[in-house]
Each structure stands twice: as C-alpha cells, then as structure tokens.
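Structural features, examined
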Amino acid sequence: MDNHEVISLGTQYIMSTYARPPVAIVKGQGVRVWDADGKSYLDFVAGIAVNALGHCHPNVVQAIKNQAEKLIHCSNLYWSEPQVRLAELLAKHSGLDQVFFCNSGAEANEAAIKLARKYSKERRGPNRYHIITMTGSFHGRTMGALTATAQEKIHHGFEPLLPGFSYAQFNDLSAVEANIRPETCAVMVEPVQGESGVNLAEPGFLIGLEKVCRQHQLLLIVDEVQCGLGRTGQFLAFQHFGIRPDIVVLAKALGGGLPIGAILATTEVASAFRPGSHGSTFGANPVACAASEAVIETLEKEGLIENARKQGEYFLRRLKELASLPQFRPLVKDVRGMGLMLAMELTIPGARVVDSCREKGLLINCTAENVLRFLPPLIVNAAEIDAAAAILAEALEEETQSNSKEEH
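The following paragraphs examine the structure supplied in this document. (Residues numbered from 1 in each chain as written. Predicted model: local features only at pLDDT ≥ 70, side-chain atom pairs only at ≥ 80, totals over all residues. Heavy atoms only, no water.)

**Side note on the packing of aromatic side chains**
This structure, assessed with the given rule, holds four aromatic pairs. Here the aromatic rings of Phe100 and Phe273 are separated by 6.3 Å at their centres, their planes lie at 75°, and the arrangement is edge-to-face. Of the two residues, Phe100 is situated in strand 4 (residues 98-102) and Phe273 in the loop between helix 10 (267-270) and helix 11 (286-301); the sequence distance between them amounts to 173 residues. With respect to class, Phe100 is no different from Phe273; both count as buried. (Phe/Tyr/Trp six-rings, centres within 6.5 Å; stacked < 30°, edge-to-face > 60°. Helix = DSSP H or I, 4+ residues; strand = E, 2+ residues; numbered from the N terminus. Buried < 20%, exposed > 50% of the residue type's maximum accessible area, 1.4 Å probe, protein only.)

**A short note on the side chain of Arg373**
Within the element layout of this structure, Arg373 appears in strand 17 (residues 371-374). A distance of 2.9 Å separates a polar atom in the side chain of Arg373 from a polar atom in the side chain of Gln226. Here Arg373 is in contact with Phe44, Ile48, Gly194, Glu195, Val198, Gln226, Leu342, Ile364, Asn365 and Thr367, once residues within four sequence places are set aside. (Polar contact = N/O pair within 3.5 Å; in protein donor to acceptor, adjacent residues only side chain to side chain. Contact = heavy atoms within 4.5 Å.)

**Things to note about a nonpolar patch on the surface**
Residues Met1, Leu9, Tyr13 and Ile14 make up a contiguous nonpolar surface patch of about 480 Å² in total accessible area. With respect to the helices and strands, the residue Tyr13 is situated in helix 1 (residues 3-13). The class for Tyr13 is exposed, based on a relative accessible area of 62%. (Patch = residues over 30% accessible without salt bridge, like charges linked within 9 Å, V, L, I, M, F, W, Y side chains within 5 Å. Areas by Shrake-Rupley, 256 points an atom, 1.4 Å probe, with all protein chains shown as cover. Salt bridge = Lys/Arg side-chain N within 4 Å of Asp/Glu carboxyl O.)

**Some remarks on helix 13 (residues 351-359)**
The α-helix advances 3.6 residues per turn, and as a result positions three or four apart in sequence lie on the same side. Among all positions in helix 13, only Val353, Val354, Ser356, Cys357 and Arg358 are buried. Positive backbone phi, approximately 100°, marks Gly361, located one or two places after helix 13.

**Some thoughts on the layout of surface pockets**
Looking at the second largest pocket, its volume works out to about 740 Å³. As for the second largest pocket, its lining consists of 25 residues, and the residues nearest its centre are Trp79, Gln83, Val99, Phe100 and Phe101. Contributing elements (two or more residues each) for the lining of the second largest pocket: helix 4 (81-94), strand 4 and strand 12 (261-265). Examining the composition of the lining of the second largest pocket, we find that four residues originate from one element, strand 4, more than from any other. (1 Å grid on protein atoms, 1.4 Å probe; cavity = no way out; pocket = protein on both sides within 12 Å on 5 of 7 lines; lining within 4 Å. Points joined across faces, edges and corners; volume = space filled by probe spheres on them.)

**Some details on unusual backbone geometry**
A cis geometry characterises the amide bond from Glu159 onward to Pro160, with omega recorded as 5°. Structurally, Pro160 is set in the loop between helix 7 (152-155) and strand 6 (165-168). With a phi angle near 70°, Ala49 is a residue other than glycine that sits in the positive phi range. Looking at the element boundaries, Ala49 is found in helix 2 (residues 46-49).

**Focus: the sheet that holds strand 1 (residues 25-29)**
Sheet architecture is open: four strands sit in the order 1-2-3-15, paired in mixed fashion. Here the strands that pair on one side only, and so sit at the sheet edges, are strand 1 and strand 15 (362-363). Summarising the sheet, strand 2 (residues 32-35) and strand 3 (residues 40-43) pair through three bridges and their orientation is antiparallel. Within strand 3, the position partnered with Trp34 by the bridge is Ser40. (Pairing = 2+ DSSP bridges.)

**Some details on the environment of Glu122**
Of note, Glu122 is situated in helix 5 (residues 105-123). In sequence terms Glu122 and Ala112 are 10 residues apart; their C-alpha atoms lie 15 Å from each other. Contacts of Glu122, omitting those with residues within four sequence positions, involve Ala272 and Arg274. A distance of 3.3 Å separates a polar atom in the side chain of Glu122 from a polar atom in the side chain of Arg123.

**Some points on the sheet that holds strand 4**
The seven strands lie next to each other as 4-12-11-10-7-5-6, forming an open sheet whose pairing is mixed. Edge positions in the open sheet fall to strand 4 and strand 6, since each of these has one partner strand only. Taken pair by pair, the neighbouring strands of this sheet meet at an average axis angle of 20°, ignoring direction. Sitting on the sheet, helix 4 is in contact with strand 4, strand 11 (247-250) and strand 12, with an inclination near 125° to strand 4. (Axes fitted to C-alpha atoms, helices over the stretch in contact; angles between N-to-C directions.)

**Considering the pairing of strand 5 (residues 130-134)**
Strand 5 sits mainly inside the fold: five of its five residues count as buried. Along strand 5, one buried face is formed by His130, Ile132 and Met134 and the opposite face, lined by Ile131 and Thr133, is buried too. Inspection of the sheet shows strand 5 paired to strand 6 by four bridges, in the parallel sense. From the neighbouring strand, Ile132 faces strand 6, where its bridge partner is Ser166.

The values are spatial; any link to function lies outside them.
See below:
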C-alpha cells in the first residue's frame, strides 16, 4: 500500500485520537525512516524518545530474535531470566534497589502512585494519600496519571478527576511547601518536562525538593519516562543533581521500541508491595525484557550516553546560532534543553514549521503549540545534526517570508 491507501484505511477503522500528518512509516534504519511512498526522512522524533538506539539497532533485533525462539510469554506467575537480568541492570545503573515491570509510562506512574500511597498509609498513618505534582507536568492518560498531570487541557472531558492530588508551580520550592498537608505522602516531578515544552528543572529546585521531602517524611517520585535512559547525558536525569529519589519511573526508551515500563524503588519503599498488591499480565514480558537488556548494554558499550551529552551540546549550539540570525530573531523566543532533549520556542504557532520540515525530509514535532521539540536517537552524529539544522533553517526562512507577505 502507498501512503494514500494506508491513510484511507486508517481513517475508516482507527479512532481519531491523533492528529497525524499524511505519512505512513514502513521502514526504519538508524536515524532514518521511510514512508510507504519510498520517501526518506531524518527522524528527530524517535518515536517520542523511544528509539534511543535508532531504528532496528542490530543488538536489539538480535536480542528479540533470540528470545522469541525461546520464550515469548509465561506471565508473572513464574520467574523468567530476562526480567531478572534486566532488574539487576536497572538497579546497578540507577542506585535504587528493586523493580516492578509493566507496559508503559502511564502504567508505571499508576504503579508509583499506588506504591507511594500504600507505603505511606502503612508507615506514616492511614490518612497519608495526597500527592503534589507540578504545573506543566505530564504523567500519562490513564485516570490516575491523567489526574497527576497538571494540565487542564489533558483533564478536559474526563472529569471528575481522582481525589488526592494538588499542583504546585514548577521550579518554585515555596509553592510546593505551601501545598503540603497532613495528608501529603509524596511529591512527583519530571527533571525535564517534555510534553509541555522541554522545561528544565533548576538544580536548586530538585536539590531543595529532596530536602523538603526528607524534612516532612514525604516520598520523592521522579518521572523519567521521557528524559531517562541516557537522553540527557546521564543514565538517568536525576543523576545530574546528586539526589536520590525514593521511586523512579521509566518507560519509552527502555524497550528499544517494544512496550515496557518500570518503577524502581528503595528496598524500604518497595517492601509495601506484597503478593496481591499490584500486578500486570504482560509486565516483564521476556521479549521486551531481552530487548531492554540489549538497550542498556548498548548504551554503555557504545558510549551513547556520552554521545548524547556531546552531540546535545553541539545541537544546542547550532539551534542557538539559528536563533541569533537577524531574520529569525522575531520568530524565536528561546532555545533550551539538556543532552538530546532540546527545544526551540517560537513566537508563532509551530505547526507550519513542522509541516515544512517534514516536506523537506526532517521529522520533528511541536508541543505546547509553539515549541519545536527535538528528540533524535542517541546514535545521532554531527553530520546528521547539520543536515537537520539546514532543513530547519529553510523552514524558518519560509515562515519569515510568509509572515512578511501577510504583513504587507
């Protein structure tokens, strides 16, 4: 099928929950993908930070093949080697102790909420259930994760929300302290907020947040669904700040393209989960765990976390150079990011720039209406970044000329 045929069938049979461009992706290799008409694109979305090793990395493909020939599923009624090996790797790389596996970031955040409440009710008192999250956060679209997400547009149409959450201004420690109640059990935060525009937590905020949590006997939950697994230039983003959360949430890049989520916790906090407390039929699927093991080993052996730091600095510099050009200054409000999680905030809606880049062979996306988000695979090199920057410059130039014509 060509693009038109795929889109026609999809429009007929698939619910309209996504505003998709007229492209059907059929193949991926490294930093490139191809659509059903054979057109090639540089992929700087990477499955929304999922394809950290690029598309079809040979280590991940081989791990999937090997495991699929042995055991595809056995459920969590039994142990399996891949989940045990993966849990050990995650514990060693994170500095936390124990793992629960599920299938997605939303599921992992639901598990983190349950664990925080259960631990706190058992250790701190029966009325400890309230959780503070940050304005601009995004934690998923299931009801608990949706309620934890402090964005009204995500809530709209799904009220009434679940009780037991309140929202504090991101990067404002005094606002967090003002939200603490006798019922509060935890604070949940993303070190980098992806969906609301790649907003960075200030170092002093995260360090202070840990101190506040210790002072008030609150659990610190760090959501690294999008910013974890090497993307910011550390294995986990919180490691930039020298803090130790009680619970960490992972997904997206963890499976190298296969669906898997996880929460990591200290032994003390994890002890609140006992048989029957929580579960997942497909969590710790052997094939997904084998793929995840390959992802983590490849990040380490191929130096991709360091590459994310190095190439991220280079890409950030290229974006700032574009923003500083006289013709683009009226269009660009800010450039920011950490590692290979970067953004260019515009003074205009970003949809036309995204469309123009796609037509020229570069996939990026726009979030928060006017923020161009760049999430290339961690294998990206300087030549690919230069090619992406050149396409972006063309798209911005077109927008400048279009705006000039509209003004006249």
